[in-house]
Amino acid sequence: MTTATDEALIQSTADGQIMSGWSERAPSPRGGARLEAIEVSAWFGQTQVLDDVSLSMPPATVTALIGPSGCGKSTFLRILNRMHESVPGAQLAGEVRLNGEDIYAPGQRVTRARKRIGMVFQKPNPFPAMSIADNVTSGLALTNIRISRGDRRGLVEDCLNRAGLWREVKDRLGAPGSVLSGGQQQRLCIARALAVEPEVLLMDEPCSALDPTSTRRIEETIAELSSQVTIVIVTHNMQQAHRVSQQAALFLADERAPGGIVECGPTEQLFSNPVDPRTADYVDGRFG
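These numbers come from a predicted model, not from an experiment.

Reading the values: the criteria
- Residues numbered from 1 in each chain as written.
- Predicted model: local features only at pLDDT ≥ 70, side-chain atom pairs only at ≥ 80, totals over all residues.
- Heavy atoms only, no water.
- Pairing = 2+ DSSP bridges.
- Helix = DSSP H or I, 4+ residues; strand = E, 2+ residues; numbered from the N terminus.
- Phe/Tyr/Trp six-rings, centres within 6.5 Å; stacked < 30°, edge-to-face > 60°.
- Buried < 20%, exposed > 50% of the residue type's maximum accessible area, 1.4 Å probe, protein only.
- Contact = heavy atoms within 4.5 Å.
- Axes fitted to C-alpha atoms, helices over the stretch in contact; angles between N-to-C directions.
- Parallel < 35°, antiparallel > 145°, perpendicular 65-115°, else oblique.
- Left-handed = near helix turned anticlockwise from the far one by under 90°.
- Nonpolar A, V, L, I, M, F, W, Y, C, P; charged D, E, K, R; others polar.
- Salt bridge = Lys/Arg side-chain N within 4 Å of Asp/Glu carboxyl O.
- Expected span 1.5 Å × (residues − 1).
- Polar contact = N/O pair within 3.5 Å; in protein donor to acceptor, adjacent residues only side chain to side chain.

Caption draft 1: Representation of the pairing of strand β1 (residues 35-44). As paired elements, β1 and strand β2 (residues 47-57) share seven bridges and run antiparallel to each other. Each bridged residue has a counterpart across the sheet, and for Glu36 the counterpart in β2 is Ser56. Counting the residues that bridge the hairpin from β1 to β2 gives two residues, and of these Gly45 lies at a positive phi of roughly 65°. Pairing geometry for β1 and strand β4 (residues 90-98), over eight bridges, is antiparallel. Opposite Leu35, over in β4, you have Leu98 as the bridge partner.

Dropping the structure here:
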């Protein structure tokens with residue numbers, strides 16, 4: 001099982017490269033990338049957990065993955081940045097394309113995919129012994145991206161601003177990340193993911209461990225980031241899915257069939273006028 005520290009390392013992983021300064025970097029144009037899953041199926045050993053899932057996630061859009069527990073949403077999310085293959089016995093079929101490029105094609109590096117497609121996990125997982133500032137830049141340090149002290153300050157401020165945390169921590173950047181509240185720690189993890197300039201940000205129930213006030217702040221952060229990166233979020237909170245996303249996909253599974261998408265489309269349509277009666281039953285709380 002992946003530990004919180006392992007997840008923090010995975011979230012921070014990027015291509016090994018050397019940069020002379022943050023201001024001289026050539027980051028991806030903010031606005032995100034198109035992410036497409038094409039006929040994706042997945043197994044854990046002999047057990048199939050996803051069957052023939054296809055979904056297009058447009059740039060600069062929030063896509064919510066909804067559905068009951070055990071229907072394959074988190075597995076699908078982890079397939080999108082090549083985390084699924086790190087599980088012993090895991091297998092998959094199909095393609096995941098980022099701006100038309102298959103991230104699973106021969107010769108494609110896992111680290112490159114994870115740099116371009118960042119991940120924020122369910123439980124906030126900052127490095128507890130690292131300062132707030134060092135947490136933000138930890139992805140760079142782990143991959144030998146070198147920046148000057150002045151450029152580092154600029155990067156820290158930029159990422160914390162984008163994550164909606166700068167004003168709250170600007171006077172204590174040297175304090176350990178563990179002193180922050182749960183909601184602040186989650187926003188620190190978002191800032192850490194943003195430091196390597198991802199084109200897509202995946203979020204696996206990022207508010208499930210947070211109080212309502214912290215949840216509201218994370219939702220505000222998602223709204224602020226949605227024009228800068230493509231966001232895919234797994235959530236069991238139907239009100240949250242309705243609030244934060246422009247597109248939604250309902251996953252379902254049962255004991256006889258692996259998980260798959262029942263219906264997808266604009267969020268407002270999915271919630272107010274779904275095509276499939278199972279979608280109406282789920283979003284109205286009649287099961288799940």
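Caption draft 2: Up close: the packing of aromatic side chains. Evaluation of the coordinates by the stated rule reveals two aromatic pairs. An angle of 45° between the planes, with centres 5.5 Å apart, marks the rings of Phe76 and Phe251 as tilted. Taken together, the residues span a long stretch of sequence, with Phe76 in helix α2 (residues 73-79) and Phe251 in strand β9 (residues 247-254) at a distance of 175 residues. As far as the burial class goes, Phe76 and Phe251 line up, both buried.

Caption draft 3: Geometry of the environment of Val262. Position of Val262 relative to the elements: it lies in strand β10 (residues 257-266). For the pair formed by Val262 and Phe251, sequence separation is eleven residues and the distance between their alpha carbons is 5.9 Å. In this structure Val262 touches Leu250, Leu252, Asp276, Arg278 and Thr279, once residues within four positions along its chain are discounted.

Caption draft 4: Focus on the packing of helix α5 (residues 149-162) against helix α7 (residues 182-194). Packing of α5 against α7 brings their axes to within 8 Å, and their N-to-C directions diverge by 125°. Between α5 and α7, the crossing angle belongs to the class labelled oblique. In this structure, α5 crosses over α7, and the sense of that crossing is right-handed. Residues Cys159, Leu160 and Arg162 of α5 pack against Leu188, Ala191 and Leu194 of α7. Broken down by class, the residue content of the contact of α5 with α7 amounts to five nonpolar, no polar and one charged.

Caption draft 5: Broad picture of the packing of α7 against helix α8 (residues 212-225). Following both chains from N to C, one finds α7 and α8 inclined at 20°, their axes separated by 9 Å at the closest point. In terms of axis orientation, α7 runs roughly parallel to α8. Here the hand of the crossing between α7 and α8 comes out right-handed. Of α8, the residues touching α7 (which contributes Gly183, Gln186, Arg187, Ile190 and Leu194) are Ser214, Arg217, Ile218, Thr221 and Leu225. In terms of residue class, the contact of α7 with α8 is made up of four nonpolar, four polar and two charged.

Caption draft 6: Summary view of the pattern of salt bridges. Taken as a whole, this structure holds 17 salt bridges when the rule is applied. One salt bridge connects Arg187 with Glu168, and the closest N-O pair in it is separated by 2.7 Å. Here Glu168 lies in helix α6 (residues 166-169) and Arg187 lies in helix α7, a separation of 19 residues in the sequence. Assessed through its relative accessible area of 34%, Glu168 is described here as partly exposed. Between Glu220 and Arg216 there is a salt bridge whose closest N-O contact spans 2.8 Å.

Caption draft 7: Structural view of the pairing of β4. Here β4 pairs with strand β5 (residues 101-102) via two bridges, running antiparallel. Bridging from a neighbouring strand, Arg97 pairs with Asp102 of β5. If you look at the hairpin formed by β4 and β5, you'll find two residues sitting between the two strands, and Asn99 has a positive phi there, around 50°.

Caption draft 8: Structural view of α7. With 13 residues, α7 extends 19 Å between its outermost C-alpha atoms, agreeing within 8% with the 18 Å of an ideal straight helix rising 1.5 Å per residue. Taken across its 13 residues, α7 has twelve buried, putting it largely inside the fold.

Caption draft 9: Inspection of α8 at higher detail. The terminal C-alpha atoms of α8 lie 20 Å apart, and with 14 residues this matches the ideal 20 Å at 1.5 Å per residue to within 8%. Taken together, the buried positions of α8 are occupied by Ser214, Thr215, Arg217, Ile218, Glu219, Thr221, Ile222 and Leu225. For α8, the capping residue at the N-terminal end is Asp211, with a side-chain oxygen 3.0 Å from the backbone nitrogen of Thr213.

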